Amino acid sequence: MNELILSIENLSAEFLTPEGVVNAVNHVSLELMRGGTLAITGESGSGKTSIALCILDLLPHPGRITGGSIRFQGVDLLGLAPEEMRRVRGRRIAMVFQDPSTGLNPVLSVGQQVEEAITTHLDISKREAKQRSLQALAQVGLPDPEAVIGRYPFQLSGGMAQRVMIAVATALEPEVLILDEPTSALDVTVQAAILEDLKRLQQHQGTSMLLITHDLGVVAQMADEVIILYAGTIAERAAVGPIFQTPLHPYTWSLLGSRPRPDRDDGGRLASIRGTAPNLIDLPDECPFLPRCPKATNVCRAEPSPALVEMAAGHRAACYNPIYHEISGEQGD
C-alpha cells in the first residue's frame, strides 16, 4: 500500500443558489494508496459526497469545481475531455451510491443493469456479458445469481439491492471504488455481511476504496486512514488507530464521545455536540467549529481558521488548542 493511486490537492467546490454561494468543499487535500481504504467521515452536510462526485465529474448543477486538482495515477481528471472521463468513470473508478432504490433502474432487470455496466466499456458478446454478470453477482454474496438476474429492483430486499449496486460497480474490477454510505439503510446483520463481502472483494481484486460514512463503527472496521470533515474542511487526518485512541481536534473528540459505547456508566445516555454546524453560505474567517468548541481560547477567536498541520507522526489536525489525551466516554474540557 505504498503506491499512490489517487490524490486530491486543494480541491474547492461550490453550489450557486438563490440564497447565495454554498461553499461545499474548501481546500481539501487527500491521498489514497493502492489497495488501501481511506474513510471520510463527519456530520451530514459536511461535504463528503460532494468530494466523491467531484472525483467522477458528477457534481450536479448548480455545483461547480472552483479550484484544485484530482490526479488518478498521475493524470489530472479535471483536465480530461468528457469522452476521456467517461472511459475512466465506471471502468477504472466506480461508485456505489447511497440509496439503491434510486441507484437502480426500476424498469430494467438486475441482469440488464449489470450487463450494461460491462458492455459500456468492453466490446464483448451478450453471452460473455451475462457470464461476467453472474460472476459479479456471486462475488458479492448473492445466492443463486441465475435467479437474481431475472428480477427487478422492487423484487429485492434492501440488502440484495445494495449487493446488486456493488456488483454493478465492481463487475469490471475498478482500481478505485468509492462507497457512499454503503450500509446506512441496512440492519446490523446485513451490514456486517456486506462489509465482509467488500473486504473479500478488496483482497481479491486489489481495489483501493474511498469510504464515505457517518458511521464510526464502519470506519473502525474498514479504514486504514481517516479524514474528519467539518463544514467542507478537513479538521483532522490520521491512521484509524490514532483517530480513535488519541484524537487531537475537539470536533473529533466530540464525535467519538457521542457514539454508543457498551462500557458507558451514565445509563446509556448519549452525549451530544452542542450548537449547529455553520451556514456554508456565510462561513466565518475563524475556525468553523469555534461556536461549538469546548476548548476554544482567545487565539481561536483572534486568528483565522487554523491550517492542517502535523502534530504527531502522520497525525494532522487544524486546531490552535488540540487535545492531547486519550478519548474517554465522558465529555468535558
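None of these values were measured; they are calculated from a predicted model. Positions within a chain are numbered from 1, following the residues in the order the chain's sequence is written. Where local features are concerned, this predicted model is filtered to residues with pLDDT of at least 70; where side-chain atom pairs are given and counted, the filter is 80 or more; whole-chain, interface and lining totals use all residues. With hydrogens and water excluded, all non-hydrogen atoms of the structure serve as input to the side-chain values.

J.: Explain the sheet that holds strand 5 (residues 75–76) residue by residue, including any values.
T.: For two strands to be treated as a pair, DSSP must find at least two bridges joining them. In DSSP terms, a helix is any run of H or I states spanning at least four residues, a strand is any run of E spanning at least two, and both are numbered starting from the N terminus. Across the sheet, which stays open at both edges, the four strands sit in the order 2-1-4-5 with antiparallel pairing between neighbours. In this open sheet, the two strands that pair with only one neighbour each are strand 2 (20–33) and strand 5. Across two bridges, the pairing between strand 4 (residues 63–72) and strand 5 is antiparallel. Residue Phe72 lies in a different strand from strand 5, and its bridge partner there is Val75. Should any heavy atoms of two residues lie within 4.5 Å, those residues are counted as being in contact. Here the axes come from fitting lines to C-alpha atoms, over the contacting stretch only for helices, and the angles between their N-to-C directions go from 0 to 180 degrees. Against the sheet, helix 1 (residues 48–55) engages strand 1 (4–17), strand 2 and strand 4, with an angle of about 110° to strand 1.

J.: Can you explain unusual backbone geometry? Please cite residues and give values.
T.: The omega angle of the peptide bond from His61 to Pro62 is 15°, so this bond is cis rather than trans. Counting through the fold element by element, Pro62 comes out in the loop between helix 1 and strand 4. Its identity is not glycine, yet His27 carries a phi of approximately 55°, on the positive side. Among the structural elements, His27 can be located in strand 2. For every residue, the accessible area obtained with a 1.4 Å probe (protein chains only) is divided by the maximum for its type, and the residue is called buried under 20%, exposed over 50%, and partly exposed between those limits. His27 gets classed as exposed once you look at its relative accessible area, which sits at 56%. Phi is positive for Asp144, which is not a glycine, with a value near 50°.

J.: Hey, could you go over the confidence of the model for the chain for me, with residue numbers and the actual values?
T.: pLDDT measures how confident the predictor is about each residue, on a scale from 0 to 100. Residues with a pLDDT of 70 or more make up 94% of the chain, whose mean pLDDT is 91. Looking over the chain, one finds the lowest element-wise mean pLDDT in helix 3 (residues 100–103), namely 78, and the highest in strand 9 (residues 225–230), namely 98. Segment residues 326–333 is flagged for pLDDT under 50; beyond a separation of four residues in sequence, or across chains, it makes 21 contacts in the model.

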